[in-house]
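# Structure assessment
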Amino acid sequence: MTDRSPVTEHASLRWLERVRHVDFSRCTAHFGQHDLVQHGCRELGLTPAEAREEIAPERVRDFIERGATAIRYPSWTLVVDGGSIVTVLPHGMRRYWGSIGRC
């Protein structure tokens, strides 16, 4: 996917943590979101672009283009604001945001 991905860095970080279960506990406090995403992707053998493509494949981008504000998977929800995926919530944390696409 190009740098025109609808996935924010924060959403990438939350996906790595909550969906792919990357352990960030060894990371020092000076790590920013960018550093954490880089670390998490290295742990999984992915590039950040590959991770964004996993988070937002074509069908998800289609939902976003049609105005979805949340996209539900069986175990997590992608939260969309302003055409970008802004975070990833496990279903124990979910709430209703409006128009929902299902994957």
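Refer to the structure printed above.
Residues numbered from 1 in each chain as written. Predicted model: local features only at pLDDT ≥ 70, side-chain atom pairs only at ≥ 80, totals over all residues. Heavy atoms only, no water.

By the secondary structure assignment, Thr 77 is in strand 2 (residues 76–81). Among the residues examined, Thr 77 registers a relative accessible area of 2% and is labelled buried. Among the polar contacts made by the side chain of Thr 77, one reaches the side chain of His 91 at a distance of 3.2 Å. (Helix = DSSP H or I, 4+ residues; strand = E, 2+ residues; numbered from the N terminus. Buried < 20%, exposed > 50% of the residue type's maximum accessible area, 1.4 Å probe, protein only. Polar contact = N/O pair within 3.5 Å; in protein donor to acceptor, adjacent residues only side chain to side chain.)

Bridge count between strand 2 and strand 3 (residues 84–90): six bridges; the pairing is antiparallel. Considered in strand 3, the bridge of Val 79 is made with Thr 87. Between strand 2 and strand 3, which pair antiparallel in sequence order, lie two residues; one of them, Gly 82, sits at a positive phi of approximately 60°. (Pairing = 2+ DSSP bridges.)

Every buried residue belonging to helix 4 (residues 58–65) is among Val 60, Phe 63 and Ile 64, and all of these are buried. What you see down the axis of helix 4 is that its buried residues fit within an arc of 100°, all on one side. With respect to the buried face of helix 4, the exposed residues turned more than 90 degrees away are Glu 58 and Glu 65. Of the residues one or two after helix 4, Gly 67 is the one with positive phi, at around 100°. (Arc of directions from axis to C-beta.)

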